[in-house]
Amino acid sequence: TVAFHTKAWSQDIKPTFYIGAHAGASLANSAISVDGFNLVDGLGGETKSPAFGARGGVDFALPGSVVFIGGFATYTVQDVEFSVLDGAFSASLKNSWSAGGRAGVQLGNAKPYILAAYRQTEVDWTGGGAPTLKGYDIGAGMSYALDKNLELGLEGIWTKYQSHDLCGGCGFGMETDQLAVVAFLNFKVGGPEEAK
């Protein structure tokens, strides 16, 4: 009996796979510190050209419920630049990838959701090199099914990066967070029929 119910429950879970593209803009804020003391705070950065990228993932509709859960990955090409001391120090957040999960509800053709993810972002800054910032995303979004295979959506993501040593132990560090808003278009395969 247990095996029968487990099998029936698993058959009711309907995965929806999707792949798509996104575009948008973001703002960043950094603080430069020396041994924990903020030397420069409120160092603002903004998108110098539209950010764009690709995404893909899978959602699972829970049996007998409007709730869905899923996993996803993204890759974004961006140029979020900031500088201080009349350009004596400048940095730019470059290409970025993320992997995480999301959960939400299916309300007809609309799917509001929340998300969390791990992120890595390349950085170019004064002095050369291309270090990598590592951090975590939290965010929320909404998608709307245009038909069975296409959905359009909007997503807001806040990223908190871990503090990064600027010069290999000399005491200078950079702490950065970023807020991004993107629109996306996904092509879907599988899943339940959308509401008409």
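These figures come from a predicted structure and were not determined experimentally. (Residues numbered from 1 in each chain as written. Predicted model: local features only at pLDDT ≥ 70, side-chain atom pairs only at ≥ 80, totals over all residues. Heavy atoms only, no water.)

### Quick look at the overall build of the chain
The secondary structure content of the chain amounts to one helix and eleven strands. In sequence order, the chain lays out its α and β elements as α-β-β-β-β-β-β-β-β-β-β-β. Burial status across the chain gives 38% buried among its 196 residues. (Helix = DSSP H or I, 4+ residues; strand = E, 2+ residues; numbered from the N terminus. Buried < 20%, exposed > 50% of the residue type's maximum accessible area, 1.4 Å probe, protein only.)

### A few points about the confidence of the model for the chain
The pLDDT averaged across the chain works out to 83; a share of 76% of its residues lies at or above 70. At the level of individual helices and strands, the chain shows its lowest average pLDDT in helix 1 (residues 2–12), which scores 49, and its highest in strand 4 (residues 67–77), which scores 97. Across residues 1–6 the pLDDT falls below 50, and counting only partners more than four positions away or on other chains, this stretch makes zero contacts in the model. (pLDDT = per-residue confidence, 0-100. Contact = heavy atoms within 4.5 Å.)

### Some remarks on the packing of aromatic side chains
As enumerated under the stated definition, the model contains two aromatic pairs in all. Residues Tyr118 and Tyr136 carry aromatic rings whose centres are separated by 5.7 Å and whose planes lie at 65 degrees to one another, so their mutual orientation is edge-to-face. Note that Tyr118 is positioned in strand 7 (residues 110–125) and Tyr136 in strand 8 (residues 132–145), a separation of 18 residues in sequence. Under the relative-accessibility criterion, Tyr118 is labelled partly exposed at 24%. Members of the aromatic cluster, joined through ring pairs, are Trp97, Tyr118 and Tyr136. The side chain of Arg102 reaches across the aromatic face of Tyr113, ending 4.4 Å from its centre. (Phe/Tyr/Trp six-rings, centres within 6.5 Å; stacked < 30°, edge-to-face > 60°. Lys NZ or Arg CZ within 6 Å of the ring centre and 35° of its normal.)

### Notes on empty space enclosed by the protein
One pass over the full model with this rule turns up two cavities of 30 Å³ or more. Counted as a void, the largest cavity has a volume near 180 Å³. What lines the largest cavity is a set of 17 residues, among which Thr76, Arg119, Ile157, Ala180 and Val182 lie closest to the centre. At the level of secondary structure, the elements contributing two or more residues to the lining of the largest cavity comprise strand 1 (14–34), strand 3 (51–61), strand 4, strand 9 (150–161) and strand 11 (172–190). Among the residues making up the lining of the largest cavity, the classes are represented as six nonpolar, eight polar and three charged. In this structure, the second largest cavity occupies an estimated 60 Å³ of space. Together, Tyr18, Arg55, Phe72, Thr74, Arg102, Tyr113, Leu115 and Glu155 line the second largest cavity. Elements represented by at least two residues in the lining of the second largest cavity include exactly strand 4 and strand 7. (1 Å grid on protein atoms, 1.4 Å probe; cavity = no way out; pocket = protein on both sides within 12 Å on 5 of 7 lines; lining within 4 Å. Points joined across faces, edges and corners; volume = space filled by probe spheres on them. Nonpolar A, V, L, I, M, F, W, Y, C, P; charged D, E, K, R; others polar.)

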